[in-house]
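Remarks on the overall topology
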Amino acid sequence: MNNAVSYAMDSQVIFQMFFSIVCIAAAIGVSILVLRFMRKFIDFLLEQAGIR
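Quick look at the structure, then.

1. Details of the packing of aromatic side chains
Per the counting criterion, the structure on display carries 2 aromatic pairs. Between F15 and F19 the ring centres are 6.4 Å apart and the planes differ by 20°, which places this aromatic pair in the stacked class. Separated by 4 residues within a single helix, F15 and F19 lie in helix 1 (residues 2-51), roughly one turn from each other. Arranged with centres 6.2 Å apart and planes meeting at 15°, the rings of F37 and F41 form a pair that is stacked. Of the two residues, F37 and F41 are both situated in helix 1; the distance of 4 residues between them amounts to about one turn of the helix. Taking the relative accessible area as the measure of exposure, F41 reaches 40% and is therefore partly exposed.

2. Quick word on the environment of G50
One can find G50 in helix 1. Sequence-wise, G50 and N3 are 47 residues apart; in three dimensions their C-alpha atoms are separated by 70 Å.

Cut-offs applied
- Residues numbered from 1 in each chain as written.
- Predicted model: local features only at pLDDT ≥ 70, side-chain atom pairs only at ≥ 80, totals over all residues.
- Heavy atoms only, no water.
- Phe/Tyr/Trp six-rings, centres within 6.5 Å; stacked < 30°, edge-to-face > 60°.
- Helix = DSSP H or I, 4+ residues; strand = E, 2+ residues; numbered from the N terminus.
- Buried < 20%, exposed > 50% of the residue type's maximum accessible area, 1.4 Å probe, protein only.

The structure is reproduced here in C-alpha cells:
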C-alpha cells in the first residue's frame, strides 16, 4: 500500500515537471514566432512609409 502511494506521488510529480517544461517550451516558441512576425511587420511598415 505504502509503495503504491509513494509511486503515485512520484509519477504525479514527474508529470507536473514534464507539463511545466512543455509549457515553458511552448511559451518560448510562441514568443520567438511573435518576435519574427513583429520584425517582418515593422519592416513592411517601414517599406510602406519609405515608398510613400
